[in-house]
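These are the residues of each chain, in order.
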Amino acid sequence: MAERILIFDTTLRDGEQSPGCSMNLEEKLKVAAQLEALGVDIIEAGFAIASEGDFEAVQAVARQAQRVIVASLARANRADIERAAQALKPARRPRIHTFIATSPLHMRVKLGKSPEEVLEAIRESVTLARNLCDDVEWSAEDATRSDRDFLARAVETAIRAGARTINLPDTVGYATPETYGALFRDMMNRVPNADLAVFSTHCHNDLGLAVANTLAAVMAGARQVESTVNGIGERAGNAAVEEIAMALRVRHDVLPFTTGIVSTEIMRTSRLVSAVTGMHVQPNKAIVGANAFAHESGIHQDGMLKDSQTYEIMTPESVGQSQSTLVLGKHSGRAAFRDKLESLGYRLSDNEFQDAFQRFKALADAKKHVYDEDIVALVDDEVMRGHDRIEVAEVEVYCGTGGKARAIVTLRVDGEERMAATKGSGPVDALFRAVRQIVPHEEATLLRYEVAAVTAGTDAQAEVSVVLGEAGRTARGVGAHTDTLVASARAYVNALNKLLLKRGRAALAA
Ligand code: KIV
Ligand code: ZN
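Draft legend 1. Structural view of the overall build of the protein chain. Helix and strand counts for the protein chain stand at 16 helices and 18 strands. Relative to the 2.2 N^0.38 estimate, which gives 24 Å for 510 residues, the radius of gyration of the protein chain is 24 Å and therefore close to what a compact globule would have. Principal-axis analysis of the C-alpha atoms gives the protein chain an extent of 75 × 65 × 40 Å. For the protein chain, buried positions account for 55% of its 510 residues. Considering only contacts in the protein chain between residues 6 or more positions apart, those separated by 24 or more positions represent 66%.

Draft legend 2. Expanded view of helix α13 (residues 350-366). In a regular helix each residue adds 1.5 Å, so 17 residues correspond to 24 Å; α13 covers 25 Å between its end C-alpha atoms and thus fits that length. Considered for burial, the residues of α13 that qualify are Glu 352, Phe 353, Ala 356, Phe 357, Arg 359, Phe 360, Leu 363 and Ala 364.

Draft legend 3. Seen up close, the sheet that holds strand β7 (residues 165-170). Taken together, the 8 strands give a closed barrel; going around it, the order is β2-β3-β4-β5-β6-β7-β8-β9, and neighbouring strands pair in parallel fashion. For this sheet, the mean angle separating the axes of adjacent strands, direction not counted, is 25 degrees. Two strands pair when backbone bridges link them, and strand β6 (residues 136-141) and β7 are joined in this way by 3 bridges, in the parallel orientation. By the bridge assignment, Trp 138 is partnered in β7 with Ile 166. Running over the sheet, helix α2 (residues 52-64) touches β3 (42-46) and β4 (69-75) and is turned about 150 degrees from β3. Packing against the sheet, helix α4 (residues 104-111) makes contact with β5 (94-101) and β6, and its axis sits at approximately 90 degrees to β5.

Draft legend 4. Here's a closer look at the nonpolar core. Trp 138, Val 155, Ile 166 and Leu 168 are the most contacted members of the largest nonpolar core, which has 111 residues in total. Sorting elements by how many residues they give to this core places helix α6 (residues 148-161) first, with 8 residues. Here this core spans two domains, and each of domain 1 (3-277) and domain 2 (322-384) adds at least three residues to it. Setting aside residues up to four positions removed in sequence, Val 155 forms contacts with Trp 138, Ile 166, Leu 168, Met 187, Val 191 and Phe 199. Core analysis: the second largest hydrophobic core is formed by 31 residues, Leu 411, Ala 434, Ala 487 and Ala 491 among them.

Draft legend 5. Up close: the coordination of the zinc ion (ligand 2). The protein atoms donating to the zinc ion (ligand 2) are Asp 14 (OD), His 202 (NE2) and His 204 (NE2), with metal-donor distances spanning 2.0 to 2.1 Å. Of note, the donors binding the zinc ion (ligand 2) are all from one chain and are spaced D-x187-H-x1-H. Here His 202 and His 204 have matching classes, each one buried.

Draft legend 6. Region of interest: empty space enclosed by the protein. Under the definition given, this model contains 1 cavity of 30 Å³ or more. Its boundaries defined by the atoms lining it, the largest cavity holds a volume of some 50 Å³. For the largest cavity, the full set of lining residues is Leu 38, Val 229, Val 241, Glu 242, Ala 245, Ile 261, Ile 266, Thr 269, Ser 270 and Val 288. Looking at the lining of the largest cavity, the elements that each hand over two or more residues are α9 (241-250) and α10 (266-277).

Criteria and thresholds
- Residues numbered from 1 in each chain as written.
- Chains lettered and ligands numbered in written order.
- Predicted model: local features only at pLDDT ≥ 70, side-chain atom pairs only at ≥ 80, totals over all residues.
- Heavy atoms only, no water.
- Helix = DSSP H or I, 4+ residues; strand = E, 2+ residues; numbered from the N terminus.
- Rg over C-alpha atoms; globule rule 2.2 N^0.38 Å.
- Buried < 20%, exposed > 50% of the residue type's maximum accessible area, 1.4 Å probe, protein only.
- Contact = heavy atoms within 4.5 Å.
- Expected span 1.5 Å × (residues − 1).
- Pairing = 2+ DSSP bridges.
- Axes fitted to C-alpha atoms, helices over the stretch in contact; angles between N-to-C directions.
- Core = buried A, V, L, I, M, F, W, Y, C linked by side-chain atoms within 4.5 Å.
- Domains from an automatic or database assignment.
- Donors = N, O, S within 2.8 Å, 3.2 Å for Na, K, Ca; no water.
- 1 Å grid on protein atoms, 1.4 Å probe; cavity = no way out; pocket = protein on both sides within 12 Å on 5 of 7 lines; lining within 4 Å.
- Points joined across faces, edges and corners; volume = space filled by probe spheres on them.

In structure tokens:
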């Protein structure tokens, strides 16, 4: 029988560390529920001591989780570990994940500790964690740049203190498949108590090798893999769960392992994570990109018509991608809309459905044909907005060759309407100045403004993405509408909501 690989999902922790990717509590709970439906084994819900918000998120995910293990990250100190244990209290199956750096560079520069002091910290931290929780994972941060003899002593120490999962992260994405596989083989051979622990991979994608390295470690004996949806994460991201799961499935002949991943839930999960983080999936991204199953050249199309296996090693249906394109019009009713949402992989609450249906009707009035892509943009826009405290109520913009552009904007701030009229060097400038006048946020700067057409045609919806930055924090917002300027206002205000949430509620008082 093929051996089972445990999937440890860190979308809510390492994934959330991507610039601009932060999620609020409601969004994290949605993602956690979908991760359970996807079939992951462990959800790392956050870093409990990092902030009040992280603590609440770990606690809420721990409360909600049905089947999965819920983990919280903790550094090797008492305060972190106790905070993690406290947040995990409601969990049916809690895990404390504690870590410390083991590479010479990190120990010297970051920790200011000698190797012996680090060994002592491992002993103490894992022992404390085990006193508070039966399930303890220990990670050797920067394992791939650590001295092998020292790493072996560190792993042995962690296992002796009670860790039952040993993670060897490629923190800086430095490994290659051969070296990463060899590291696992070496540790599993030379650490005397290695058989008491499950070895785990955790790969960053700085050289684009995260998935390849993960699979090499699995071949070498790792039985847990740490990954994120769409590969989001610090810098170039983490290994993408959808790529690992499908590689194990499609190439079962050479990778004879199974996972609990329900592959038909992959697209649904990818879309949700993309919607709540505002982090678009690149079109040519493996498995979940818009072009992953598109065939452009005549030769390929001809082959596909004769037999799809000529150019497809897996079907779009196997990863939950729907096939139809042309959809609904203004005469389509609730049932057809609901059907379409389901085929696209969305499960909306009653309220969300009503809001989405109203917006669909407005869209169908403005646009002759509504395509799958339109529905995806519309629903993602709705999901992204959640319960934003600031909403766009009305937008009017005057622009052209006749002089300065002018914008009149009405926002609803905590239910109360506020209006501003401003001029700008162009329509977008005027629009964003009006928002700034209503909700001052002088410290924040616009880092990115992107517009994409959701479909072809001059009546297409515009999908706008905005990134705001302030004091090292970034927040990303999206907006979709047939009017590019309305979409821009929605995206900007969505990003602003997220930024204020990060900054604390005080800013709204202005
Ligand atoms: O990349 C890394 O080393 C980590 C650890 C904290 C597990 O994310
Ligand atoms: Zn990491």
